[in-house]
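Residue-level structure breakdown
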Amino acid sequence: MKVTVNDLKKLAKKVIRRDTYSQAVRDAQEEARYNLTEELREKYADFYENSPLKENCILYEAFGGRGMTCSPHAIFKYLLAQPEFQEYLHVWAIDDFSDNAPWMELYKEKQNVKFIKFQSLEYREYLATAKYLVNNVSFPGYFTKREGQVFIDTWHGIPLKTIGFDIPAGKISAGNTVKNFLAADYLISPDVFMTEIYKNAFKMEGLFPGKLLEIGQPRNDSYFHTEREAVFQKLQMAGIQADPSRKLILYAPTWKGSKYSSPDTSLDAYEKMIRTIEENVDTSEYQVFVKPHQIVYYHIKNTQGVTGQYIPATVDTNELLRATDVLISDYSSIYFDYLVSGKPILFFIPDLANYLNYRGLYFGIDKLPGPIAEDYGQLGGYLRDLEKAMEPYREVYDREAKWACPRDDGEVCRRLADIVFHGKEGEDCIRCEETGRPKVLMYAGDFSDNGTTRSFLAMAEYLDFQKYDITLLIDGDGDERAEGMIRSLPSGIRVLYRGQPFNGSPEELACHNRLMKGKTAEVPHAFYKREARRLFGEAAFDCAIDFTGKKNLFSMIAGEMKNIRFFTYKPYFVDESRIQAELKEQPVIVSQEESYYITDRLAGGNSSVISIDAIPAPDMDKTNYFCMYSKAAEGILNTFSSLTEKNTCLYVMGKGKAYENLKKSISRLHLEGRVFLIGWAARPFALMNMCQYFVCPEGEEENAGALSAKAMGMKLVGGDFRSEISYRFDVKEWNRKQYEKLEKQIEDKRDLHE
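The structure reproduced in this document is the subject of the present report. Per chain, residue numbering runs from 1 following the sequence as it is written. For a predicted model such as this one, the threshold for reporting local features is a pLDDT of at least 70, and the threshold for listing and counting side-chain atom pairs is 80 or more; totals across whole chains, interfaces and linings nevertheless cover every residue. The basis for every side-chain value is the complete set of heavy atoms in the structure, and neither hydrogens nor water enter the calculation.

Right, let's get into the pattern of salt bridges. For this analysis, a salt bridge means a side-chain nitrogen from Lys or Arg found within 4 Å of a carboxyl oxygen belonging to Asp or Glu. All told, the structure shown has 37 salt bridges when counted by the stated rule. For aspartate 418, the salt bridge is made with arginine 414, and the minimal N-O distance between the two is 3.2 Å. Of this pair, aspartate 418 and arginine 414 both sit in helix H20 (residues 412-422), four residues apart, which is roughly one turn of the helix. Connected through salt bridges with shared partners, the residues Lys145, Asp185, Arg533 and Glu538 form a single ionic network. By the criteria applied, helices consist of DSSP H or I runs no shorter than four residues and strands consist of E runs no shorter than two, each listed in order from the N terminus.

Let's shift gears to the pairing of strand S9 (residues 286-290). Residue burial is assigned from relative accessible area. The probe radius is 1.4 Å, only protein chains are included, and a residue is buried under 20% of its type maximum, exposed over 50%, and partly exposed in between. Within S9, five of the five residues are buried, which leaves the element mostly enclosed by the surrounding structure. By the alternation rule, side chains of S9 split into Tyr286, Val288 and Val290 and Gln287 and Phe289, which are all buried. Bridge count between strand S8 (residues 247-251) and S9: five bridges; the pairing is parallel. Residue pairing in the sheet places leucine 248 in a bridge with glutamine 287 of S9. DSSP bridges decide pairing: two strands pair if at least two such bridges lie between them.

Moving on, we get to the packing of aromatic side chains. Whether two aromatic rings pair depends on their centres lying within 6.5 Å, for rings of Phe, Tyr and Trp, where Trp uses its six-membered ring; planes under 30 degrees apart make the pair stacked, over 60 edge-to-face, and the rest tilted. Enumeration over the complete set of coordinates arrives at 48 aromatic pairs. Plain terms: the ring middles of phenylalanine 547 and tyrosine 569 are 6.1 Å apart, the flat faces sit at 80° to each other, and that makes the pair edge-to-face. Remark: tyrosine 569 occurs in the loop between strand S18 (565-568) and helix H26 (576-583) and phenylalanine 547 occurs in the loop between strand S17 (543-546) and helix H25 (553-560); sequence separation between them is 22 residues. With a relative accessible area of 3%, phenylalanine 547 lands in the buried category. Look at tyrosine 569 and you get buried, because its relative accessible area is 8%. With a centroid separation of 6.2 Å and an interplanar angle of 25°, the aromatic rings of phenylalanine 626 and phenylalanine 694 are classed as stacked. Placement of the pair is phenylalanine 626 in strand S22 (residues 623-628) and phenylalanine 694 in strand S25 (residues 693-695), with a sequence separation of 68 residues. Each of the two residues, phenylalanine 626 as well as phenylalanine 694, counts as buried. Taken together, Phe193, Tyr335, Phe336, Phe347, Tyr362, Phe363 and Trp403 form an aromatic cluster joined through their ring pairs. Cation over ring: lysine 54 sits above tyrosine 126, and NZ or CZ is 5.2 Å from the ring centre. Definition used: whenever NZ (Lys) or CZ (Arg) falls within 6 Å of the ring centre and also within 35 degrees of the ring normal, the charge is taken to sit over that ring. Its guanidinium or amino end placed over the ring of phenylalanine 165, lysine 203 lies 5.5 Å from that ring's centre, counting from NZ or CZ.

This part takes up helix H23 (residues 506-516). Burial analysis of H23 places nine of its 11 residues in the buried class, the great majority of the element. Those residues of H23 not exposed but buried are Pro506, Glu508, Leu509, Ala510, Cys511, His512, Asn513, Arg514 and Leu515. Taken from the residues just after H23, glycine 518 is the one with a positive phi, measuring 75°.

A few words on the sheet that holds S22. Judged by pairing direction, the sheet is mixed, and its six strands sit side by side in the order S24-S23-S22-S25-S26-S27 without closing on themselves. The open sheet has two edge strands, strand S24 (675-679) and strand S27 (724-725), and neither has a second partner. Here S22 pairs with strand S23 (residues 648-653) via six bridges, running parallel. From the neighbouring strand, threonine 623 faces S23, where its bridge partner is threonine 648. Docked against the sheet, helix H30 (residues 704-711) engages S22, S25 and strand S26 (715-717), running at close to 160° with respect to S25. It only takes one pair of heavy atoms within 4.5 Å for two residues to be counted as in contact. Under this scheme, a helix contributes an axis fitted over its contacting stretch, all axes are lines through C-alpha atoms, and angles between N-to-C directions fall in the 0 to 180 degree range.

Okay, the nonpolar core next. The biggest cluster of nonpolar side chains holds 193 residues, and the ones touching the most others in it are Leu59, Leu235, Met442, Phe447, Phe456, Leu489 and Ile545. The contact partners of leucine 59, leaving out residues within four places of it in the chain, are Val91, Ala93, Ile116, Tyr126, Leu127, Ala130, Tyr132, Leu133, Val134 and Phe139. The nonpolar core is taken to be a set of buried Ala, Val, Leu, Ile, Met, Phe, Trp, Tyr and Cys residues, with the residues joined through side-chain atoms within 4.5 Å. Counting residues in hydrophobic clusters, the runner-up holds 29 residues, among them Met628, Ala686, Met690 and Cys691.

A separate point is the pairing of strand S5 (residues 150-153). Side chains of S5 alternate between two faces, with Val150 and Ile152 and Phe151 and Asp153 buried alike. Alignment of strand S4 (residues 130-135) against S5, held across four bridges, turns out to be parallel. Note that in S5 the partner of valine 134 across the bridge is isoleucine 152. Note: S5 against strand S6 (residues 186-189), two bridges, orientation parallel. The partner of aspartate 153 across the bridge, within S6, is leucine 187.

To continue, consider the side chain of threonine 195. Here threonine 195 lies in helix H9 (residues 192-201). A polar contact is formed between the side chain of threonine 195 and the side chain of glutamate 214, at a distance of 2.6 Å. Excluding its chain neighbours within four sequence positions, the residues that come into contact with threonine 195 are Ser189, Leu212, Glu214 and Ile430. In protein, a polar contact means a hydrogen-donor-capable atom and an acceptor-capable atom, both N or O and within 3.5 Å, with residues adjacent in sequence counting only if both atoms are side-chain atoms; elsewhere, any N or O pair within 3.5 Å suffices.

This is the structure:
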């Protein structure tokens, strides 16, 4: 039996209806007992709140527990060798003990080295209680850094590919990474370029409260402090038949595909690369190995055909580079690391045009420090005479090494330890949270296709990013249409996904749900404080704005944040660009007997099939009215039924609590075929434009529907269907005034939380 967070919410809602809190808790506990994920979240919260910090404890994690690799491994090796850290417990989070058995075996006699299963209960304990945390990517979405913990995020290389918010889907994919960065005390940077990537591509400028350490890449220390013979011993331990007497050619490409979690895993290209290299070099002098990207190896490790020439992801790449004599790569950041060697680098890039269209690069290919092959034949030619192939690139090679690896000298881990453990900070410690701009946190719900979202999108076009630092929190649920609207947001907005369910006990969840329903005045303060730290880490904001106008989790979280003004703002901005775009569409399907208006297009599982939602299109020989669902809807139906002119139709858009009652009223008033309840139409404006009148009951003249009707120049009538409403309306002027009101509230020094 598996119980999801939604199941727990349903449980709590059932109990709220019965108003028996104690039973709600018991039910939620019983359900959670069968669900390891939920139970572990509860345990994590318990460790967080009730277990003391382990002062002399360091938790290391690399690539989600893939193995002892990258910068966390280099830091671990350095600290473990220092006398002052012998009393520390060094804990490694490992996803697959079997894959990592050879390396774990090396430390079996070390009493101060411990291995724990990634995502296990023990993992949650150390994640919540270890004083020091070291990661090269990000911890899981539920991670919440507690006060007193010290978090070092090393990242994992200099990017050649665009990254973070610089990629098209960055507003969606960068969320958990950005949350981790905001929780970090230290972000490690190898050079000025990477410092700017943190500041701009990940939007740390203006908000990150920790320190950027421009000290070099810890993982490159492994190149300087690893013996070549030791690398071959480790390869043999991993089942790789490597010959120490021959030179090593390493092919190490990045992952390919449209999604990181499901990359292209075909072995054909790897096999062809191995054959090409072996056909063009003296195999008595050279041996060839492939080091797939770690996410690719995770998917192919059990595939038939992955032979001893495929180096596992658990082998530390930077140690491997010490034994590598020729590197062949593509867009992978590995080539930056290898620049410290001064040895040949070849680039195999047959798909450059496609890759540029999909993602993009920070540098032109003219900056690559080695010859570029676009096909296997060209690559073979370079391999046959490496010295000649590299000769034109010596100057570029030296120039790239100078800016990319200025501090990679084998002493990076020492410098890091001096800063973190001894407080020896210098000019290489950079702060970036102060820009003088007010830091504004906004919330507009889950970005589903509704009035709040559309109004926010229209408002966002007016935001002044030179004046304000803007962060938007979104309750994302993976909805395709919502993600499309998120991608359309201005690039100046820093988007954070709330993502993972909150960490808490059944008691806290039940209390939260009861509070949202007005069934209790009790506030689970610890629950909300914890969620605030999970989402925003150590970041501080000047004000928080809720655009939904509803009591929700965000409003409670904001109430627990320090020195922040909170207010709700429910504006109606008119999305003129969307209106114009929809009016240009062809939303009507004409058949021999009837015409239909397309209210939505739905992509199904079959990419060649598109399903549609449609309603009978307005008959232009009739008088057609359009109105929004509201509390006045029942009265509007009664009035409409009494019209003496029967050659009329009414379209009602929206839904609410009395929606089902409207259906009954249509039947009771015999309005079938004249009144159409269309729900929330995804494309309403062309339909509105096919109607002669917009019905606007008293008090709704400035609601979203009425404003859109005014923007389209529709005739407005009151709820009596007779009195025409005159108006003058300028969309840009209206939106500008709404934005001016928002700015005044942002800059108001009064405490508006109450």
